[in-house]
Amino acid sequence: MRSYIIKGGNPLTGHVKIGGSKNASLAVLSAAMALDGPCIIDNLPDITDLSVLLQIFSDIGATVEYLEPGKVRLDATTINTHEVLHDRVTQIRGSYYLMGALLGRFGKVALRMPGGCDFGVRPIDLHLKGFEALGAKTEMSYGIVSCEAEELTGGGVFLDTVSVGATVNIMLAAVKAKGKTVIDNAAREPHIVDVANFLNAMGADIRGAGTDVIRINGRPTLPANKEYTVIPDQIEAGTYMILAPLTGGDITVEGVIPKHMEPLSAKLVEMGVEVEEGDDTIRCYMKEGSSLQAASFKTMPYPGFPTDLQPQATVLLCVAEGTGRMIENVWENRFQYVDALRLMGANIITSGRLAVVQGNSHLTGSQVTARDLRAGAALVMAGLAARGTTKVLDIERVERGYEYFVEKLTRLGARIERFESE
Ligand code: EPZ
């Protein structure tokens, strides 16, 4: 078991380079499994979710070459099975993209149900609805999802709920289907646009990504043979942006796309934070003599406030002046970390999808456990802001999605150490 020991209370200041997007990388790497030639993908973050997914690719016969840190060459033409039943599949959520990729490649797929963060039911009914709209028969039994189609043909699907995963997975299955597919009420996240841009660079014909209607004209083959660079991680960037006002510091995130950060930047400005945007940088700090004010947040699909920054923003509300509110509209049980924050002195009342946060809390160190990726990051952040020492257990969950977390925080002035224990 791995843990962090954090001595909190000092302002974090400096510059931090943001890595490639975890959620775009999982989707783009999986999209490469639908191609008819090799491709090179760059700016991949150094996180365990990706190493697990790349190992799964190798398990099914794909050729994976590590060219240099963050850069791989993939060739899906050597894949030798449509079955992905290894235990590894259950370690990450992103493995679900292999459903669409292999269904698009072979016309059939059998996949162990994926894993991922546990904050409520994580259904895949919309993914299957999309595959059925393309002519596939789907079945779920013994924890294995099976899909098969004589011939994938374009179709129309309306997503009852805006779903990132279903939008991407249907794209991956439709990109080589015969005819035209329309995905209505599609997710609009930056990583959806990134996957569409990647596939179009490899010969696909996808239009409308980033809007709620995506149109895909199936192509018989996707020759690939190109290089592609993944977008920066908006959630990693947001985590460091929030750390500046949280610790009374001054942080500039580098290598970001400011447009992707607007949902957070706007809320930070509303709370009284100075947010200065450059071409690919954003600086966050509190002006001398100003004070952080509470605000009301509600998580929504992009371009709303991202659910993956909900725990981090809730920690910020703990130290703001006044009473803040957080409404979690995407996941039904994403406040599990609040108990740990209470141990650290936070004053939060939760009821269903609502958390009411009394500000002006003087957080103090404690021993807490990371229950999922973003909640774990939020507890690290609380430890950095708290007086005294905090020990965060099970930080493997945090390192699924934050590359070089200790190194980057240390360079900003954090007193944090990583420990391995039996
Ligand atoms: C992706 O999960 C992200 N994971 C999550 O990030 C993120 O929280 C989520 O999108 C929302 O932005 C990856 O990209 C690997 P959804 P996903 O399908 O695709 C319901 C992180 O921290 N739904 O957009 O699983 C679902 O229950 C992780 O990086 C159905 O009802 O999320 C939820 O209420 C955590 N049926 C809503 O849609 C379905 O078939 C949004 O889920 C699929 C989803």
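## Here's the deal with the pairing of strand S8 (residues 137–141)
Next up, step 1: Here S8 runs beside strand S9 (residues 144–148); their pairing, made up of five bridges, is antiparallel. By the bridge assignment, Ser141 is partnered in S9 with Ile144.

## A closer look at the site of the ligand
Next up, step 1: Looking at the ligand, there are 26 residues lining it, with Tyr96, Asp125, Ser163, Asp308 and Val330 nearest.
Next up, step 2: In this structure, Lys22 approaches the ligand through a side-chain N or O atom, which is 3.0 Å from an oxygen atom.
Next up, step 3: The contact in question runs from an oxygen atom of the ligand to an N or O atom on the side chain of Tyr96, over 2.7 Å.
Next up, step 4: Here the ligand loses 92% of its free accessible area of 830 Å² to cover by the protein chains.
Next up, step 5: Contributions of two or more residues to the shell around the ligand are made by helix H1 (22–31), helix H4 (125–133), helix H5 (164–174) and helix H11 (373–385).

## Side note on the sheet that holds strand S18 (residues 296–299)
Next up, step 1: Pairing within the open sheet is mixed, and its four strands lie in the order S18-S19-S21-S20. Because the sheet does not close on itself, it has two edges, and the strands there are S18 and strand S20 (347–351). Geometrically, the sheet is characterised by an average inter-axis angle of 15° between neighbouring strands, direction not taken into account.
Next up, step 2: Relative to strand S21 (residues 354–358), strand S19 (residues 323–328) is paired through five bridges, and the arrangement is antiparallel. Note on S21: the bridge partner recorded for Thr323 is Gln358.
Next up, step 3: Relative to the sheet, helix H9 (residues 310–319) contacts S18, S19, S20 and S21, its axis offset from that of S19 by approximately 170°.

## Looking at the side chain of Lys22
Next up, step 1: Inspection of the secondary structure puts Lys22 in helix H1.
Next up, step 2: Exposure remark for Lys22: the relative accessible area of 8% places this residue in the buried category.
Next up, step 3: Ignoring sequence-local partners within four residues, the contact set of Lys22 consists of Pro45, Ile47, Asp49, Leu50, Asp233, Leu373, Arg374, Arg400 and Gly401.

## With respect to the packing of aromatic side chains
Next up, step 1: Summed over the entire model, instances satisfying the criterion amount to seven aromatic pairs.
Next up, step 2: Here the aromatic rings of Phe198 and Tyr228 are separated by 5.5 Å at their centres, their planes lie at 75°, and the arrangement is edge-to-face. Note that Phe198 is positioned in helix H6 (residues 190–201) and Tyr228 in strand S14 (residues 227–229), a separation of 30 residues in sequence.
Next up, step 3: Between Tyr240 and Phe405, the aromatic rings sit 6.2 Å apart at their centres with planes inclined by 80°, giving edge-to-face as the arrangement. Linking Tyr240 in helix H7 (residues 234–247) with Phe405 in helix H12 (residues 405–411), this pair joins segments that are 165 residues apart in sequence. By the burial criterion, Tyr240 is buried, and Phe405 matches it.
Next up, step 4: Aromatic ring contacts, followed pair by pair, group Tyr4, Tyr240, Tyr402 and Phe405 into a single cluster.
Next up, step 5: For Lys267, the ring lying beneath its charged end belongs to Phe297, and the centroid distance is 5.0 Å.
Next up, step 6: If you follow Arg283 out to its NZ or CZ, it ends over the ring of Tyr285, 3.8 Å from the centre.

## Side note on unusual backbone geometry
Next up, step 1: Along the chain, Tyr302 connects to Pro303 via a cis peptide bond; the corresponding omega equals 10°.
Next up, step 2: Positionally, Pro303 belongs in the loop between S18 and H9.
Next up, step 3: The phi dihedral of Asn185 falls on the positive side, at around 65°, and the residue is not glycine.
Next up, step 4: Here Asn185 shows up in the loop between strand S11 (180–184) and H6.
Next up, step 5: You will see that Asn360, though not glycine, has its phi angle at about 55°, which is positive.
Next up, step 6: Examined against the element boundaries, Asn360 turns out to sit in the loop between S21 and strand S22 (367–369).
Next up, step 7: In this structure Asn360 comes out as partly exposed when scored by relative accessible area, which is 45%.

## Brief notes about the nonpolar core
Next up, step 1: If you look at the biggest cluster of nonpolar residues, it comprises 78 residues, and the most contacted ones within it are Leu29, Met33, Ile41, Phe57, Leu74, Phe198 and Leu199.
Next up, step 2: In terms of residues, this core owes the most to one element, H5, which gives seven residues.
Next up, step 3: With near-sequence residues (within four places) excluded, Phe57 lies in contact with Leu29, Ser30, Met33, Ala62, Val64, Leu74 and Leu98.
Next up, step 4: Counting residues in hydrophobic clusters, the runner-up holds 69 residues, among them Ile251, Ala313, Met381 and Ala414.

What counts, and at which threshold
Within each chain, residues carry numbers counting from 1 in the order of the written sequence. Confidence filtering applies because this is a predicted model: local features only for residues at pLDDT of at least 70, side-chain atom pairs given and counted only at 80 or more, and all residues used for totals across whole chains, interfaces and linings. Computation of side-chain values covers all heavy atoms of the structure but excludes hydrogens and water. When DSSP finds at least two bridges between two strands, those strands are taken to pair. Only DSSP runs of H or I reaching four residues or more are called helices, and only runs of E reaching two or more are called strands; each is numbered from the N terminus. The rule for a residue being near a molecule or strand is that one of its heavy atoms must lie within 4 Å of it. Here a polar contact is recorded for every N or O atom pair within 3.5 Å, except that within protein the pair must consist of a potential hydrogen donor and a potential acceptor, and residues adjacent in sequence are included only if both atoms are side-chain atoms. The method behind every accessible area is Shrake-Rupley, applied with a 1.4 Å probe, and residues are considered shielded solely by the protein chains displayed. All axes are obtained by fitting lines to C-alpha atoms, using only the stretch in contact for helices, and the reported angles, taken between N-to-C directions, cover 0 to 180 degrees. The contact criterion used throughout is that any non-hydrogen atoms of two residues lie within 4.5 Å. Only protein chains enter the accessibility calculation, which uses a 1.4 Å probe; a residue whose area is less than 20% of its type maximum is buried, one above 50% is exposed, and one in between is partly exposed. Centres within 6.5 Å are what make two rings of Phe, Tyr or Trp a pair, Trp counting through its six-membered ring; a difference in plane orientation under 30 degrees is then read as stacked, over 60 as edge-to-face, and the rest as tilted. Geometrically, a charge over a ring is one whose NZ (Lys) or CZ (Arg) sits within 6 Å of the ring centre while staying within 35 degrees of the ring normal. Residues belong to one nonpolar core when they are buried, are Ala, Val, Leu, Ile, Met, Phe, Trp, Tyr or Cys, and are joined through side-chain atoms within 4.5 Å.

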